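# Analysis of the macromolecular model
Spelled out from the first residue to the last, the chains are:
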Amino acid sequence: MFTSRQRQDSRGRARARGRSLFRPALPLAVWLSASLGHADEPANPSPPEIEPPPAPLIVDPPAATTPPPPATPAPATTLAPVAVPAISPRPTADPASVPPADSAPIKNIESLDLKDLLNEPVVTAGGGIEEERSLASANVYTISRDEIAAHGYRSLAELLATVPNLYVIDDLVLPSLGVRGTTGGVKAGTRLVKVMINGQSVNFRPELTSFLGPEFIPIEAVERVEIAKGPLSALYGANAFIATVNVITRDPSPSLHVEAAGRATFYNNAGFGGSGLLNYGDKNRGMLLAITLDQIDRSGINLQRTFTNDYFNSDLFERRSNDDKANPLGVFGRFYIGTDNVGRFILSAGLQRLDSKGEFQINSVLTHQTRIALVNAWLQLRYEKSWSKVSLVATTGYSQGDPTSDYRLNLTGNNTSLFRPNYGYKAVDGKAEVTYKPLGERLSLLGGVDFEWTREQVLYYTQTLNQVQGLLQPGDTVDLIARKVSREQTYYDVGAFLQLASTPFTRLPGLHFTGNLRLDKIAFGPVDFPLQFSWRLSAAYRISSNWTARLFGGQAFQNPSGVMLFAQPGFGSANNVIGNLTVAGLPALSPQNITSTEALVSGRLFTYLTLEVAAYYRALQNEIEFTRQGLDFVATNAGIDRGIGFESVLRFSYRWFSAYGNASFDAPIRDGVFGDKPSPLFPRGMGLIGLDIHVPQIYLHANTQVRIIGPRGASQSNTYINNDRFYELPTYALWDLTLSSVGLRLFGGDSETRVLVSGRNLLGETAPDPGAGGFDLPRLGRSFLVEIRQIF
Amino acid sequence: MGTTGLRNGVLLGTVCALLACGSSEPKRAALSLGAVIDRTGPRATASWSQSIRLAADVANQGLLASMAYAGMKFEIALADSNSDPIEAVKHGREVFRENGAKALITDSSEDDIALNMLGYDADPENDLNVPLICMACTSPSINNPTATSSDPVRQEALRNSGKWNFRALMNSTPQANVLLQIATAQKGPTGVPGDSNRDGQFKIAVYYSADSFGSGFLQALKSAAAALNLMPSAIVEELPFDPKLNPDTYNWSADIDKLTDAINGTNPNSPLLDGKPDLIIDVAPPQFSAALMRVYLTSGGSVPFLHIHNFRSTSVLRQLGSELDGQEGTSHVLLDNGESGQVFASLLAAAQNGIAPAFEDSNSFDATNVLMLASLIAMKQSGLSDPGALTGSQIRDAIPRTSEPGGTIIRTGVDEFTKAANLIAAGSAINYEGASGPMDFDANGNVLNRLAHWQVTGGAFVDMARYDCVASVSCPLRP
C-alpha cells in the first residue's frame, strides 16, 4: 500500500511525487543518485519511460487502517525532498492536509522524468481532493520547493511573476496581481485572487488582499505553490475569482530538521536577513515552526516620465528614493496530534508583519517618511477523521489585522500633518465538510457548509497635526470621519457547497468529470447582497498515455471589500479610494461575476519535451471599476469585460540540462471586436525562458532565466491625467542568474551547507510598471542576493 | 507535435483574423474641438471632461443617424489647465496647433480670460481665432462691454469686442443678489435683517480668491449689499487669499481668526473695530473651501457660512461628508429644462456607472453641444461638406444661431441631435434647450441660468428653493 503521496511506477516501485526543477533525463541523474548514495533507485541508466495505465483522476487516500511505510531518514541531498511520511492515513483530501512530496520515501529528484511534471499530484483544483495535474479539474501551475530554492525566491510575488498570464505590479510595498487580462484596478493587491495556506484563506480582510512579500510565509516552510487559474468560487467561495493560489507547506520530518539561513541583498544599498525552520514529527504528533526576518533597502531609484504631464513638479523626477527600507517579518507554525481512531487535530498559525517605507504611494511620492505597517495574524484549528467510505473535516479559525502605530502617510510636499489609516478587522470562520465515496473511484461526493464573520473598521484617516490649526496644537489628532458615520461594519458569508467527481464509464477509465455548485449568502453592513451562485464543470480525458485533454467552465464571484464599500477620503484632496456607500445616492456595489471556459491539452513529445497549451474565454459581468468622482475614485459596477487568451508551457530535459519556457497572450474584446490596445494594468503578452544546469560533481546548480513582459496599458488614473490619452508602457526583459551549491557537506553527516548567489535584473532594466496618481512605478534595478543556509 | 502546432496555428490565425476585423469601421471626417479644463488642481472636477466627451459621443451617434452628416464626427482634444491660467494658455495653444481644434471649451474665469487675451495682444502669431466657450466662468467682468482693467489687452478681452468669447454659465451678479436675499430673509431681535449675532448691524465677511473670479464676485456682493439699503448700512469685510496657495499646506487658522474677529481688516493699514460678522461668504475654488471648512469645523467656529456655487463641488462633499450637514449656499441649478436635464442626467449616470451629475456637468455638456450644433450650422451656411475646412470665425458667428427664437426646440439626447442635424441640413432654425438652461446667448455671449438654494443634508446637497434668473434679473423665488 502507498500513501496518497506515492504512486507505483511501471515496475511497481513507490515513486515520489515531488517535482524536479530541472527535470533531467534519467541516465545521468540516476548515476548521480547512485553516486550520492541513494540506494532506493537502481543504478539503471534506462529511464522508467513505460507508461503506467491511465491513472484515476482522484487519488484516493489509503484506508484508514493502513499504516504508512516506515519512516526513512532523509539523506540530505541538494534539492531532494527531506521528509518522510509522518501523517498517514489522511482522513480526507484537503489542501490543508495534503502531505507534500517530501513526506514520501526519499527519492532523488533527478530520478523523476518529465511525465511526473504532468502527473504530479495537485489539490487546489479539487477542493482538497488530490488529482493528477494533467487531469486536474482546473488549469494548475505548480512551483516546487526545489524551484524556489534554485531561484533563491524569498516571496510569493517573485514566484508568481513567473507564472504564465500572471502579472505582478510591485509598488515596493504591497504587490498587485492581475490574471488573464483581469486586474482589480488601483492598488488592487490580490483582491481578485484567493491566496491560501494549506487551503486556509489568509488575507488582510478590509482590502481582501494578501501580502505577497516575504512576510506572507517563511519560504522555507513551503513545499510547493499551486496556482489554479480560472473561477473557483464554487470550491472556495467569495473571491476565488480569477485564480486561486494555494501554498502547501512542508510536512514534519521524522527526525529533527533544522534550517538556518543568513543573507544579504544588494540593491544600491545592502540589506540583511535571516530565517529558520524547525521541523519534527511522527505519525501521531509533529510540528513545523518557521520564521523569516529581513531588512531590505531599496533606496536610490527615481521616477520616470512616462507621459507628458504637469501633475508633478519636474524636480520630483530628479529625486531618488531614500531610506526606503522594508522589514518584513513572517512566522508560521503548524502542530498536529491524533491517532487513526480518534482523528487528527491540526493547529496552524501565522503572523505577517508588513513594514515598509512607501516612496511610491499615491499622494505620497518620495516623501522619505511614509511607512506602511500592517500586522496580520491568523490561526486555524482543524479536525480530520476518516471511516471506510466517509471522511470528515471540521475547521475553525480566527484572524485579526491592524495597522501598527508605525503606519504613517505623508503628503507629497506637505509636512503640515501626517495621516494614519484606521482599518483593522477581526474575523472568525468555520467549515464542516463530508466526503462520501459510495462507489470507490467511480463516484465521490463532497459537501459541506462554511461561514465567515468579520468585524471591520471602515477605512478612515486620522490626521496628526504638525502645526497649529485653529484651536488644535501640533501633535493633536483629528479623525477624518463624520460623527454620524459608523466606524465599524460587520460582514458575514454563509456558504453551502457540493462537489461530485466521477469516472462514470468503466470502458472509458480515462474520462473524468467534476462538478461543483455553491451558494453564498453575504451581507456587509447595510448591504444585503443577492444570493451568489457559483458553479464549475470539468471534463478530463486521457487521450493516450502521453496526452490529456480537458475542458473547464465555471462562474465565480467577488464581493466588494470593506474599503470599496465604506472607505472615507481624507488623505490629501485627490486620488483617494472612496467607499461606494460613502457617496450619497450611488447604488450599492454588487458582487462582480466572471464566467470562463477553457480548453487545455497537455502531453509529452519525444521523451524530453512536455507541452501544455490552453485557450480560454472570459466574461466579467458587473465589473467593479474605479470611477472618478471629483478627484477621487469610487468603486462602481461597470458593464461587461470580455477577452480571450492562450497560454503555453514547454519543458525540455536532457541529462544535466533542462530548459523551460512559457508564453501567454490575452486579448480584450471591446464592442465585439478585439481591442487594439492591451488592457489597463496588464500586458497583452508575456513569456519566460530559462535553463538549469545541474552538476553535483562540482557542487553546482545554475539557473538562468529571462522574463519578457509586453506592452501594458496605463492605469485609468494616469490615462485621465494624460488627458484621456491612453498610453502603453514599453516591453521589458528581466534576466536573472542564480548559482547555488549542491551536496556541500561541510559538517558531515546529513547536514548540508547551501550557498546561493543570485543576480536579478542583470541588464539593469528600468522600464516601469503601471502606477496611478500621476506616475508609473519604477523598477528596482540590478540586485544581488547572497545566502548561506545550513541544514541539520 | 504536429497536432499542437496545428492547434496553435489555428488559434493564432483566428486571433489575427479577428484583430483585423476590429479596424473595419468606415472613416468619418472629424471636426476637432478642444477642451482646456482643470483636470487636476484645486478647481478640478473630473466629471466635466466626462460630460464633454459624453456630448461628443451622443452627437456622433446622432450624426450617424442623420441624413446629411453621417460621414462626419466630432473629436474632443482634452488638455489639463491644472487650475493655472499659464497652463491653460500653453495647452490651449497646443490643442489648437496640434489637434486643429476649431473651438475651445474653457472652465475658470482666469483661464478663459488668459486664452481670450491671446487675440488682443500685439502678437498676431498667437491668435487662436477660434471661439471660446466657458462652462464655469462667473466673473461679471467677462463679456462685459464696460469692464475696465489697468491692462488694456485684458480690458479688451473682458469687453469681448471680437465676440470670440461665450459662456455657458451665468455670471455671479444674480447669485450675489440671491445670496444676500437669503442672508437677510430673517430679521433678528434687533430688527435688522440678517443680524444673527444681535449686534444691531448686518455684517458679512467675504473671503475671496484674489483673481477675476473672486474679485468679480466680491464686487457683486458689495453691490448687492448696498442695494439692500439697510439701516445701518450693511458692512462688507474683505479678506483676499492667493489663488495659487496650496490648500493642503496653507495655514487657514490665521485667516479664520481674521474672518471671525470683530476687526474689519479690509484695509490692512487701517483696521476698524466694527463688530463680529453675522455671516461669512467664501468665494473660493472647491478644494480651498473644503480645506478651509475642515479647519473651521474642527476649530469650533460659530459664525455661520453661506457658500457659493463652487462649494457644491463633489470634492468638497467627499472630503467632509455629513460634517457639512446644515451648511447652506447657492449655485446654478444642476439640471434644468425638464426633459433636457433628465436625459442628460441619465446619460451621464450611465457613462459614470451610476454616479449622478455634479455641479457644472450640465454646463459642460451644453457648451459642447452648442459648439457642435454651431459647427453644423456654419457648415450649412458656408456650403461646406468637409468639416476640416471650417474656420473658427464661421463657428463663432453660428453660435448665437443655435438658439434662435422661434426655432424648433432641440433637447438633449441622440435622437434630438439627429433631429437638429436634419433640421440644420434642411436650413431650418433650431432652438437648443440645454440640460443646464436655455442657452440663449445675449449680444455679449452670456447666458442666464436658474439658481438653487441648497443645504447639505445627510451628506448630500439638497435643493431647498429655486430662483428664476431666466425669467427676471430680480431672480424671483419659484415654488
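Residues numbered from 1 in each chain as written. Chains lettered and ligands numbered in written order. Predicted model: local features only at pLDDT ≥ 70, side-chain atom pairs only at ≥ 80, totals over all residues.

This part covers the interface of chain A and chain B. Taken together, the contacts link 49 residues of chain A with 50 residues of chain B. Where the side of chain A that touches chain B is concerned, the elements lending two or more residues are β23 (414-422), β35 (609-621), β36 (624-629), β37 (632-637), β40 (673-674) and α7 (716-721) of chain A. When grouped by side-chain class, the residues that make up the side of chain A that touches chain B number 26 nonpolar, 16 polar and 7 charged. (Contact = placed C-beta atoms within 7 Å. Helix = DSSP H or I, 4+ residues; strand = E, 2+ residues; numbered from the N terminus. Nonpolar A, V, L, I, M, F, W, Y, C, P; charged D, E, K, R; others polar.)

Residues and elements named next belong to chain B. Where helix α6 (residues 172-183) contacts helix α7 (residues 212-227), the two axes come as close as 8 Å, and the packing angle between them is 45°. Taken together, α6 and α7 sit at an angle that is classed as oblique. Remark: the crossing between α6 and α7 carries right-handed chirality. Of the residues in α7, those touching α6 at Ser172, Thr173, Ala176, Asn177, Leu179 and Leu180 are Gly216, Phe217, Ala220, Leu221, Ala224 and Ala225. Residues of the contact of α6 with α7, tallied by class, amount to 8 nonpolar, 4 polar and no charged. (Axes fitted to C-alpha atoms, helices over the stretch in contact; angles between N-to-C directions. Parallel < 35°, antiparallel > 145°, perpendicular 65-115°, else oblique. Left-handed = near helix turned anticlockwise from the far one by under 90°.)

Another point: the pairing of strand β42 (residues 700-709) of chain A. All names here are of chain A. Here strand β41 (residues 685-695) pairs with β42 via 10 bridges, running antiparallel. The residue bridging Leu688 from the neighbouring strand is Arg707, located in β42. Taken together, β41 and the strand that follows it, β42, pair antiparallel across an intervening segment of 4 residues, in which Tyr699 is found at a positive phi of about 60°. Here β42 pairs with strand β45 (residues 732-741) via 10 bridges, running antiparallel. Within the sheet, the bridge partner assigned to Gln705 lies in β45 and is Asp736. (Pairing = 2+ DSSP bridges.)

To continue, consider the confidence of the model for chain B. All names here are of chain B. Taken as a whole, chain B shows an average pLDDT of 91; of its residues, 95% reach a score of 70 or greater. The low-confidence segment residues 1-23 (pLDDT under 50) makes 16 contacts with residues lying over four places distant or belonging to another chain. Here the complex is predicted with pTM 0.84, and the ipTM for its interfaces comes to 0.82. (pLDDT = per-residue confidence, 0-100.)

Here we come to the domain arrangement of chain B. Residue and element names in this part refer to chain B. Structurally, chain B comprises domain 1 (29-169 + 357-432) and domain 2 (175-326 + 450-478). A C-alpha centroid distance of 32 Å is found between domain 1 and domain 2. Opposite the 13 residues of domain 1 that make contact, domain 2 presents 17 residues. Its residues assigned to classes, the side of domain 1 that touches domain 2 shows 5 nonpolar, 6 polar and 2 charged. (Domains from an automatic or database assignment.)

Residues and elements named next belong to chain B. Between Met231 and the following residue, Pro232, the backbone shows a cis peptide bond with an omega angle of -5°. Following the sequence through the fold, Pro232 ends up in the loop between α7 and β7 (235-241). In the Ramachandran plot, Asn337 falls in the positive-phi region, its phi being about 60° despite a non-glycine side chain. Counting through the fold element by element, Asn337 comes out in the loop between β12 (328-332) and α11 (339-351).

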